[in-house]
Amino acid sequence: MTITDSTDAELLARFRAGDSAALEPLFARYEEPVFRFLFGVLKDHHAAEDALQETFVQALRKADTVAADTFRGWLFTVAYRQAMLLKRKTKRLPTQADDFALLDLIGDDPADLRAGATDDARQVRALLDQLPETQRAVISARVFDGKTFREVAAALGCPLNTALARMHDGLKKLRQLWEARHA
C-alpha cells in the first residue's frame, strides 16, 4: 500500500508520529472537493482560493488534534467557517482590497491599471522585495505564474504544507507592510 492509498486515519497517525510528508496526500485528496465546495459557497474563484489556503493552513496547525475518523467532516467545517469569515470581512470592508487584488496592482499593462495604480504597483513591488525569498518565490509562482500549490511545492522542492505556510505568512506580511505604509 502506498502513502496515497492510505486512509485519512493512517495519514494522520503518520503525521502525528513525525512524518510531515503524510499531510501532502491528504491535502491532495481534498484540494479539489474543498475548492469546489468553497466556490459553491463564495461564487468567486479568487475568494475560494483564499479560503482554501486558509483552510489548509488551519488544517496544518490543528491536524494533530483532530479525531482521525472525523477528519473529512472537520476539514469541510473549517472550510465553511473560512468562507463565512471571508464573506463577513468582505461585507465589513467593501473598499479594502484583498491580498490578491493588492498583488494585481503589479500588472505591467497600463491599460489595466486605474488612475494612481501605477504608483501603487511600484509600492507593492517594493514591499514584495522586503519579503524573505522563500515567501516571494511562493507568491510569485502562485499568483503571477498561476501554479497550483502542489505545482509550487514541486517547483520549489518543498512539502505542500510548507508552500501553504509560506504563502500565508508572505501575504500576511505583505498586508502588514502595505497597511503600515498607508496608515
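## Considering the overall build of the protein
For step 1, the next point in the chain: Broken down by element type, the protein carries 9 helices and 0 strands.
For step 2, the next point in the chain: Reading the secondary structure of the protein in the N-to-C direction produces α-α-α-α-α-α-α-α-α.
For step 3, the next point in the chain: Looking at the protein as a whole, 42% of its 183 residues qualify as buried.
For step 4, the next point in the chain: Nonlocal contacts in the protein, meaning residues at least 24 apart in sequence, comprise 60% of its contacts between residues at least 6 apart.
For step 5, the next point in the chain: Of the roughly 9900 Å² that the protein leaves accessible, carbon and sulfur atoms contribute 53%.

## Let's talk about helix H1 (residues 8–16)
For step 1, the next point in the chain: Every buried residue belonging to H1 is among Asp 8, Leu 11, Leu 12 and Phe 15, and all of these are buried. Taken around the axis of H1, the buried residues stretch over an arc of 100°, which confines them to a single face.

## Details of the packing of helix H2 (residues 23–42) against helix H9 (residues 160–181)
For step 1, the next point in the chain: Two elements in contact, H2 and H9, have axes whose closest approach is 8 Å; the angle formed by their N-to-C orientations is 75°. In this view, H2 runs roughly perpendicular relative to H9, as classed from their interaxial angle. Across from Leu 23, Glu 24, Phe 27 and Ala 28 in H2, the residues of H9 making contact are Leu 160, Asn 161 and Leu 164.

## Quick notes on the packing of aromatic side chains
For step 1, the next point in the chain: Inspection of the entire model under this criterion finds 5 aromatic pairs.
For step 2, the next point in the chain: One aromatic cluster is present, built from ring pairs that chain together Tyr 30, Phe 71 and Trp 74.

## Notes on the environment of Ala 17
For step 1, the next point in the chain: The topology assignment puts Ala 17 in the loop between H1 and H2.
For step 2, the next point in the chain: Of the residues examined, Ala 17 reaches a relative accessible area of 71% and is grouped as exposed.
For step 3, the next point in the chain: Separated by 47 residues in sequence, Ala 17 and Asp 64 have C-alpha atoms that sit 9.5 Å apart.

## Describing the pattern of salt bridges
For step 1, the next point in the chain: Overall, the coordinates contain 7 salt bridges when judged by the stated rule.
For step 2, the next point in the chain: Taking the shortest distance from any N to any O, the salt bridge between Arg 150 and Glu 31 comes out at 2.6 Å. Taken together, the residues span a long stretch of sequence, with Arg 150 in helix H8 (residues 149–156) and Glu 31 in helix H2 at a distance of 119 residues.
For step 3, the next point in the chain: A residue is classified by how much of its surface remains accessible, and Glu 31, at 13% relative accessible area, is buried.
For step 4, the next point in the chain: Where Arg 175 meets Glu 179, a salt bridge forms, and the shortest distance between an N and an O atom there is 4.0 Å. Highlighted residues: Arg 175 and Glu 179, both in helix H9, separated by 4 residues, approximately one helical turn.
For step 5, the next point in the chain: For Glu 179, a relative accessible area of 37% translates into the label partly exposed.

Criteria and cut-off values
- Note on numbering: residues in each chain are counted from 1, in written sequence order.
- Local features are withheld for residues below a pLDDT of 70 in this predicted model, meaning they are given only at 70 or higher, and side-chain atom pairs are given and counted only at 80 or more; totals for whole chains, interfaces and linings count all residues.
- Only hydrogens and water are set aside when side-chain values are computed; all heavy atoms of the structure are taken into account.
- Counting from the N terminus, the helices are DSSP H or I runs at least four residues long and the strands are E runs at least two residues long.
- Each residue's exposure class comes from its accessible area (1.4 Å probe, protein chains only) as a fraction of the maximum for that residue type: buried when under 20%, exposed when over 50%, partly exposed otherwise.
- Any pair of residues with heavy atoms lying within 4.5 Å of one another is described as a contacting pair.
- The Shrake-Rupley method, run with a 1.4 Å probe sphere, supplies the accessible areas, and residue values consider only the shown protein chains as cover.
- Think of it as the arc spanned by the lines of direction from the helix axis to the C-beta atoms.
- Between the N-to-C directions of two axes lies an angle of 0 to 180 degrees, each axis being a line fitted to C-alpha atoms and, for a helix, fitted only over the stretch in contact.
- The scheme is simple: roughly parallel for angles under 35 degrees, roughly antiparallel for over 145, roughly perpendicular for 65 to 115, oblique for anything else.
- Centre distance within 6.5 Å is the pairing criterion for rings of Phe, Tyr and Trp, where only the six-membered ring of Trp is used; planes under 30 degrees apart are then read as stacked, over 60 as edge-to-face, and the remainder as tilted.
- Only one rule defines a salt bridge in this text: a Lys or Arg side-chain nitrogen within 4 Å of an Asp or Glu carboxyl oxygen.

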